[in-house]
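What follows is the residue order along each chain.
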Amino acid sequence: MSKLWKFSKMHGAGNDFVVLDGVRAALDITPSRIRALANRHMGIGADQVLVVEAASRADADFRYRIFNADGGEVEHCGNGARCFVRYVHEHGLSTRNPIRAEIGTGVILLEEGSDGEVTVNMGATSFLPGSLPFDASGLKTRQVGADTQWQLALSGAPGLTDAWRQTWLSVVSISNPHAVLRVDDAETAPVAQLGPLLESHPRFARRVNVGFLQILGPHDARLRVYERGAGETLACGSGACAAAVTGIRQGELISPVRVQTRGGTLTIAWDGQQLRMTGPAVTVYHGEIDIDRLVSQQRPIHF
């Protein structure tokens, strides 16, 4: 007997998602099913799969779960959070606005505006290495304004210059781990080479999202992000937040910050305590799929 899963395909500034309703239907989530859904050649295709579930705590309206394309569950996704609240409203799961969503590290507040933009209160922010966690023991440091940078030695990826092999980075936890590198030009930065090396560096116990930040002016920045379990995406909401607060702490950016990504612009506001992100949430289409048949049709790609 087939097992049909209803889904919506959505995106926030090009960061794209398959969204599933786990409130009205019991979903048996497995890594192989997530990978099949996210497969861009043999499935629907997505950076992450999002699941809406009933809340498990009294101070939340829903539980919001995030799975990367590689099948692993992660703590937070800012662009996905905006799509989450749009999905809840479009599918009649709630008329509340704002909505309180339970994530792996607490509760976040999401509000849909009359202009179609969605604002997310991103929750706790920490610059302590242990909050990622990041093993900073024995590393050389330097201060840039109020921000601390660590020098990390990298090996592999032939063609990298010595400067890139001794990379200076800032670390930020926004319910999920981020490393932020300052670059002169985000478009020419070696994202494809450096991203995988840093994402899986042994000093990051749960891996890390890697942001390449270019300052354009006091309120403007350009960003590319190599995400855990997904590779480079067109946008990363929590990555934009991590980049903005890093630039503010370094004295180069002033809130609010317009962060240009390859998929669109996100606006980040931070007063040193509250961190808020505003941006689009777009529904592309709805569908249903035989999940077990989809999994059975997955094939390895041989070269």
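Rules and cut-offs
Residues numbered from 1 in each chain as written. Predicted model: local features only at pLDDT ≥ 70, side-chain atom pairs only at ≥ 80, totals over all residues. Heavy atoms only, no water. Helix = DSSP H or I, 4+ residues; strand = E, 2+ residues; numbered from the N terminus. Expected span 1.5 Å × (residues − 1). Buried < 20%, exposed > 50% of the residue type's maximum accessible area, 1.4 Å probe, protein only.

Turning our eyes to something else, we now look at helix H5 (residues 237-249). If you check H5, its first and last C-alpha atoms are 19 Å apart, about what 13 residues at 1.5 Å a residue would give, namely 18 Å. Along H5, 12 of the 13 residues are buried, which leaves the element largely enclosed by surrounding structure. For H5, the complete set of buried residues consists of Gly237, Ser238, Gly239, Ala240, Cys241, Ala242, Ala243, Ala244, Val245, Thr246, Gly247 and Arg249. At the exit of H5 stands Gly251, carrying a positive phi of roughly 80 degrees.

Let's shift gears to unusual backbone geometry. For the bond from Leu132 to Pro133, the omega torsion is 0 degrees, close enough to zero to count as cis. Across the junction of Ser255 and Pro256, the peptide omega takes the value 0 degrees, indicating a cis bond. You can see Pro256 is positioned in the loop between H5 and strand S16 (257-261). Positive phi, normally seen in glycine, also occurs at Ala13, with a value near 55 degrees. Tracing the backbone shows Ala13 in the loop between strand S1 (4-12) and strand S2 (15-21). For Ser175, which is not a glycine, the phi torsion comes out positive at approximately 70 degrees.

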